[in-house]
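Descriptive structure summary
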Amino acid sequence: MKPTVLLHNTRIRNRALMLVAALGLAVVPTKAMAHQVQTNYFLNGPAGDSLELQTTFSNGQPLKGAKVTVYAPDQPFRAQVTGKTDNQGRFTFTPDQTMSGNWEVNIERAGHQDILTVPVTEAGIEINELASVDNSDVHYASSPVAAAGSVAIALACLGFVCFSRKRSAE
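Basis of the calculations
- Residues numbered from 1 in each chain as written.
- Predicted model: local features only at pLDDT ≥ 70, side-chain atom pairs only at ≥ 80, totals over all residues.
- Heavy atoms only, no water.
- Helix = DSSP H or I, 4+ residues; strand = E, 2+ residues; numbered from the N terminus.
- Buried < 20%, exposed > 50% of the residue type's maximum accessible area, 1.4 Å probe, protein only.
- Contact = heavy atoms within 4.5 Å.
- Areas by Shrake-Rupley, 256 points an atom, 1.4 Å probe, with all protein chains shown as cover.
- Salt bridge = Lys/Arg side-chain N within 4 Å of Asp/Glu carboxyl O.
- Pairing = 2+ DSSP bridges.
- Axes fitted to C-alpha atoms, helices over the stretch in contact; angles between N-to-C directions.
- Core = buried A, V, L, I, M, F, W, Y, C linked by side-chain atoms within 4.5 Å.
- Polar contact = N/O pair within 3.5 Å; in protein donor to acceptor, adjacent residues only side chain to side chain.

The helix and strand inventory of the chain stands at 2 helices and 11 strands. Put simply, the chain runs from its N terminus to its C terminus through helices and strands in the order α-β-β-β-β-β-β-β-β-β-β-β-α. Looking at the 170 residues of the chain, the share that counts as buried comes to 29%. Expressed as a percentage of contacts within the chain between residues at least 6 apart in sequence, the contacts between residues at least 24 apart total 53%. As displayed, the chain has an accessible area near 10800 Å², and 56% of this comes from carbon and sulfur atoms.

Right, let's get into the pattern of salt bridges. Going through the model one piece at a time under the given rule, you end up with 1 salt bridge. Note that aspartate 86 is salt-bridged to arginine 90, the shortest N-O span being 3.3 Å. Exposure remark for arginine 90: the relative accessible area of 33% places this residue in the partly exposed category.

Now for the environment of proline 76. Locating proline 76 in the fold gives a position in strand E5 (residues 75-84). Proline 76 gets classed as partly exposed once you look at its relative accessible area, which sits at 46%. Along the backbone, proline 76 and asparagine 102 are 26 residues apart, and their C-alpha atoms lie at a distance of 9.6 Å.

This part covers unusual backbone geometry. The phi dihedral of alanine 110 falls on the positive side, at around 50°, and the residue is not glycine. With a relative accessible area of 66%, alanine 110 lands in the exposed category.

A few words now on the sheet that holds strand E3 (residues 50-57). What the 3 strands build is an open sheet, ordered E2-E3-E6; its pairing is antiparallel. The open sheet terminates on both sides in strands that have one partner only, identified here as strand E2 (37-44) and strand E6 (90-93). Neighbour-to-neighbour, the strand axes of this sheet turn through a mean angle of 20°, independent of strand direction. As judged from the 8 bridges shared by E2 and E3, these two strands associate in the antiparallel manner. For valine 37, the partnering residue across the bridge sits in E3 and is phenylalanine 57.

Bringing the nonpolar core into the picture now. Formed by 20 residues in total, the largest nonpolar core has its most connected members in Leu51, Val70, Phe93, Trp103, Val105, Ile107 and Val118. Mapped by element, the contributors of at least two residues to this core are E3, strand E4 (67-72), E6, strand E7 (101-109) and strand E8 (112-121). Among residues more than four places away in sequence, those in contact with tryptophan 103 are Val70, Tyr71, Ala72, Pro73, Gln80, Phe93, Pro95, Asp96, Leu116, Thr117, Val118 and Val120.

The next subject is the environment of leucine 63. Residue placement: leucine 63 occurs in the loop between E3 and E4. In this structure the C-alpha to C-alpha distance between leucine 63 and glutamate 108, which are 45 residues apart in sequence, comes to 8.7 Å.

Moving on, we get to the side chain of asparagine 106. Following the sequence through the fold, asparagine 106 ends up in strand E7. At 2.9 Å, the side chain of asparagine 106 and the side chain of glutamine 113 are in polar contact. Filtering out sequence-adjacent residues up to four positions away, asparagine 106 remains in contact with Lys67, Val68, Thr69, Gln113, Asp114 and Ile115.

Take the pairing of E3 next. Across the 8 residues that make up E3, a large majority, 7, are buried. Hairpin remark: E2 followed by E3, antiparallel, with 5 residues in the connecting loop; positive phi at glycine 45, about 90°. As defined by bridge partners, E3 adjoins E6 across 4 bridges and the pair is classed as antiparallel. Pairing of glutamate 52 across the sheet is with threonine 92, part of E6.

Okay, structure coming up:
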């Protein structure tokens, strides 16, 4: 094989490896702020003893089919009530007023989440004391393992190109 053909093939291979390295770095996961969820709430029921929640994305779209888990104050690791939001992102539950304390409501679907603390006394739900836990709702384009793999592939390609250039210069 002629040296000029070999040199031409080496240049093509090196350019292809540089392209693979650049693409490898381009697919590294980056932090992306997703549209956040927010939950509106109000008392419902004949005695105002039920809490109706409506969870939506920040653009107003309802969070349909989200898993809702409610924990009582005396059993924070065992679900007291479970269910799903309806097509309008609504869910209603009635806490047991004999279990005074802070009830926790976790609303979650596909990485979007809202957590509410609902204070309940013998008199009922303390609607003015209800609080939402701050959720930044951050998503990543992929997992950290994929990021490490992408960087490793890119560095291996760049190292091979540098090694090939040194070798062909000799």
